[in-house]
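Geometric and topological summary
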Amino acid sequence: MTATNGSAICEAQNVSVAYDAASERFAIKDISLAIGVGEVVALLGPSGCGKSTLLRSLIGLVTPTAGTILAHGKPLHGVHPGAALVFQSFALYPWLTVRQNIEVALDGLEISPAEGQQRVAKSIDIVGLEGFEEAYPKELSGGMKQRVGFARALTRGPELLCMDEPFSALDVFTAESLRSEVYGIVTARNRPEDGKSNALSTVKSVLIITHNIEEAVFLADRIVVMGTRPGHIRQIVPNPIPHPRDYQSPSFQQLVQRLHDIIVSEHLPEAPVKPARGSPSA
């Protein structure tokens, strides 16, 4: 999917990334994808399909070997100024407190100290870190560490919030709890009556990497299914399931099965893709 009217927050046009300049081996090849305003997009696929490479290319952390990256319709030079990234591995500074780790996000922003501290305070409130401001990473559980990562990203005031498998390093119970909280943050974007949404007024869109089909269906409005060798887009599947979403609902399970069939068909090409009976149409 490619948008050319400048409405996309970021856009890849025929983008390829090789492992090295002289290599014919590509991490991703000839990918076109636009992230529009007001949507949650999930990059879904197995390990090694180039999900992280595509995300990092879209926000300027990786320079494409070929193709063009646009930000609001203009060529992107350097890192996308409106993007923030939540890492899989927490990426916290062990010698800094929770508050200091979050304040790192203020570096390079042209805002007053008062506004900076207000952003930090709001982010701490949103992710539930009150009372842990002076704790060090070694004193936190995995879930709390990831909350710091989310708070740091939100403090940046991004229009595009990116998440690279943010729950995969957590135990299943902590991951589900934090995923539900992120779902609340994501859906609050469109609820002006929600007190927390005011603190997230800058977040217009979300891009999340996952290899978990249920997670993609739970969070995303549009699911980009990627294939391997080299990384490429196999299919883009819209998610019409209304909010709030229920893991056990028939429509949820049908879309999960449809995505499962798409992914499996690459590894078992002799098995044709058969959407589940009554599954949402593409």
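Preceding block: the structure.
Attention here is on the structure that accompanies the text. (Residues numbered from 1 in each chain as written. Predicted model: local features only at pLDDT ≥ 70, side-chain atom pairs only at ≥ 80, totals over all residues. Heavy atoms only, no water.)

Quick notes on unusual backbone geometry
Put simply, Arg-229 and Pro-230 share a cis peptide bond, and its omega is -10°. Counting through the fold element by element, Pro-230 comes out in the loop between β9 (222-227) and β10 (232-238). A cis amide bond links His-243 to the next residue, Pro-244, at an omega of -5°. With respect to the element layout, Pro-244 can be found in the loop between β10 and α7 (250-267). In the Ramachandran plot, Asp-30 falls in the positive-phi region, its phi being about 55° despite a non-glycine side chain. The phi dihedral of His-72 falls on the positive side, at around 55°, and the residue is not glycine. By the secondary structure assignment, His-72 is in the loop between β4 (66-71) and β5 (74-75). Residue classification places His-72 among the partly exposed residues on the basis of a relative accessible area of 35%. (Helix = DSSP H or I, 4+ residues; strand = E, 2+ residues; numbered from the N terminus. Buried < 20%, exposed > 50% of the residue type's maximum accessible area, 1.4 Å probe, protein only.)

Comments concerning the pairing of β4
Direction of pairing for strand β1 (residues 10-18) relative to β4: antiparallel, over a ladder of 4 bridges. Within the sheet, the bridge partner assigned to Glu-11 lies in β4 and is Leu-70. As paired elements, β4 and β5 share 2 bridges and run antiparallel to each other. Opposite Leu-70, over in β5, you have Pro-75 as the bridge partner. Here β4 folds back onto β5, and the loop between the two strands holds 2 residues, one of which, His-72, carries a positive phi near 55°. (Pairing = 2+ DSSP bridges.)

Re the pattern of salt bridges
A complete count under the given rule lists 8 salt bridges for this structure. Arg-245 serves as the salt-bridge partner of Asp-221, at 3.9 Å between the closest nitrogen and oxygen. With a gap of 24 residues between them, Asp-221 in the loop between α6 (213-219) and β9 and Arg-245 in the loop between β10 and α7 connect regions that are remote in the sequence. Take Arg-245: its relative accessible area is 8%, and that puts it in the buried class. Overlapping salt bridges, with partners in common, bring together Glu-176, Arg-179 and Glu-215 in one network. (Salt bridge = Lys/Arg side-chain N within 4 Å of Asp/Glu carboxyl O.)

Concerning the pairing of strand β6 (residues 83-86)
The alternating pattern of β6 places Ala-83 and Leu-85 on one face and Ala-84 and Val-86 on the opposite face, and all of these are buried. One ladder, built from 4 bridges, connects β6 with strand β7 (residues 160-164); its direction is parallel. When the bridges of β7 are listed, Ala-84 appears paired with Leu-161.

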